[in-house]
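So you can see what is in the structure, the chains are spelled out below.
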Amino acid sequence: MEQEKTNVHIIPYEDSHRDAFRDINYQWLTQYFEVTAYDKPFFENPRKEILDKSGYIFLASLENEIVGSVALERITDKQYTLAKMGVKPGFQGLRIGQLLMDKALEKAEQLNLDSLVLYTNHQLVQALNLYSKYGFRFERLENPLVERATIKMVKKFN
């Protein structure tokens, strides 16, 4: 398994990756929750909804297959949301989530952010463990944009 990890490349999103980006995220969303009207525009047109709004999407590629994703969505110049993080079934446990997180945090530091915010759910125990390991801390959740968001976590920089 460790050998496979070395073949994973974290690459920037291109429009040709739209279906893979959508499929990775729809998979985990439908496994645990449901895809909502709020979610759909992000996956139908990630360029318009994320990239054109000063956001970023990174993908994990293993032997030319897109197997994971993470996005940074701009809130302000100093704060972004970490979102759309997922790894395809069959590729979980290869530390791909950690590679994606490393890339997202590297970008956050390049942007000189004050903080990264994320919204998640108490059911996603593996994700919560990963976020905690990377220094995200629990904060009070108020007025979530989607019902499935039961937890807010923030990583502060500086």
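Refer to the preceding data block for the structure.
Once a new chain begins, its residue numbering starts again from 1 and follows that chain's sequence as written. Owing to the predicted nature of the model, reporting of local features is limited to residues with pLDDT of at least 70; listing and counting of side-chain atom pairs is limited to 80 or more, with chain, interface and lining totals taken over all residues. Only heavy atoms go into the side-chain values, all of them from the structure, while hydrogens and water stay out.

(A) Molecular detail of unusual backbone geometry. Non-glycine residue Arg95 carries a positive phi angle of around 65 degrees. Its location among the elements puts Arg95 in the loop between β4 (79-87) and α5 (96-110). Only protein chains enter the accessibility calculation, which uses a 1.4 Å probe; a residue whose area is less than 20% of its type maximum is buried, one above 50% is exposed, and one in between is partly exposed. Residue Arg95 is classed as partly exposed on the basis of its relative accessible area, which comes to 44%. Helix and strand assignments follow DSSP, with helices taken as H or I runs no shorter than four residues and strands as E runs no shorter than two, numbered in order from the N terminus.

(B) Just the environment of Leu145, in detail. The topology assignment puts Leu145 in the loop between β6 (137-139) and β7 (151-156). Leu145 gets classed as exposed once you look at its relative accessible area, which sits at 67%. Along the chain, Leu145 and Tyr119 lie 26 residues apart, while their C-alpha atoms are 9.2 Å from each other.

(C) Broad picture of helix α2 (residues 18-32). Compared with the 21 Å implied by 1.5 Å per residue over 15 residues, the 22 Å span of α2 between its first and last C-alpha is a close match. Along α2, the positions that sit buried rather than exposed are Phe21, Arg22, Ile24, Asn25, Tyr26 and Leu29. Helix span is expected to be 1.5 Å times the residue number reduced by one.

(D) Molecular detail of the packing of aromatic side chains. Note on ring pairs: Phe, Tyr and Trp rings are taken, using the six-membered ring of Trp, and paired if centres are within 6.5 Å. Classes follow the plane angle, with under 30 degrees stacked, over 60 edge-to-face and the rest tilted. For the structure on display, the rule yields 9 aromatic pairs. Each ring, one from Tyr26 and one from Phe43, has its centre 5.4 Å from the other, and the planes form 85 degrees; the classification is edge-to-face. Of this pair, Tyr26 sits in helix α2 while Phe43 sits in helix α3 (residues 40-44), and the two are 17 residues apart along the sequence. Ring plane angle 5 degrees and centroid distance 6.5 Å describe the contact between Tyr56 and Phe58, whose orientation is recorded as stacked.

(E) Structural detail: α5. Under the 1.5 Å per step criterion, the end-to-end length of α5 is 21 Å for 15 residues, consistent within 8% with the ideal 21 Å. Downstream of α5 by one or two residues, Asn112 has phi in the positive range, about 55 degrees.

(F) Spotlight on the side chain of Ser69. Among the structural elements, Ser69 can be located in strand β3 (residues 65-76). The buried category is assigned to Ser69, whose relative accessible area is 0%. Any N or O atom pair separated by 3.5 Å or less is treated as a polar contact, with the protein-specific requirement of one donor-capable and one acceptor-capable atom, and with residues adjacent in sequence counted only for side-chain atom pairs. Side-chain polar atoms of Ser69 contact the side chain of Asn25, separated by 3.0 Å. Note on contacts: a residue pair is in contact if any heavy atoms of the two residues lie within 4.5 Å. Apart from residues lying up to four places away in sequence, Ser69 is in contact with Phe21, Ile24, Asn25, Phe58, Leu59, Lys84, Met85, Gly86 and Leu100.

(G) Region of interest: the sheet that holds strand β1 (residues 8-12). Two strands are counted as paired when DSSP detects at least two bridges linking them. The mixed open sheet is built from 7 strands, whose spatial order is β1-β2-β3-β4-β5-β7-β6. Each of the sheet's edge strands pairs with one partner strand only, and the pair in question is β1 and β6. Averaged over all pairs of adjacent strands, the angle between their axes in this sheet comes to 30 degrees, without regard to strand direction. Looking at chain direction, β1 and strand β2 (residues 56-62) are connected through 5 bridges and run antiparallel. From the neighbouring strand, Ile10 faces β2, where its bridge partner is Ala60. Every axis in this analysis is a line fitted to C-alpha atoms, fitted for helices over the stretch in contact. Angles between the N-to-C directions lie between 0 and 180 degrees. Contacts from α5 reach β1, β2, β3, β4, β5 (115-120) and β7 within the one sheet, and its direction differs from that of β4 by about 160 degrees.

(H) Expanded view of the pairing of β5. In terms of burial, β5 is a largely internal element, 5 of the 6 residues being buried. By the bridge criterion, 3 bridges tie β4 to β5 in an arrangement that is parallel. Paired with Gln79 across the two strands is Ser115, which belongs to β5. For the segment spanning β4, α5 and β5, crossover handedness is right-handed. With 6 bridges connecting them, β5 and β7 associate as antiparallel partners. Along β7, the bridge assignment pairs Thr120 with Ile151. By definition, the crossover connecting two strands over a helix is right-handed if that path, from the first strand to the second, turns clockwise as seen with the strands pointing away from the viewer.

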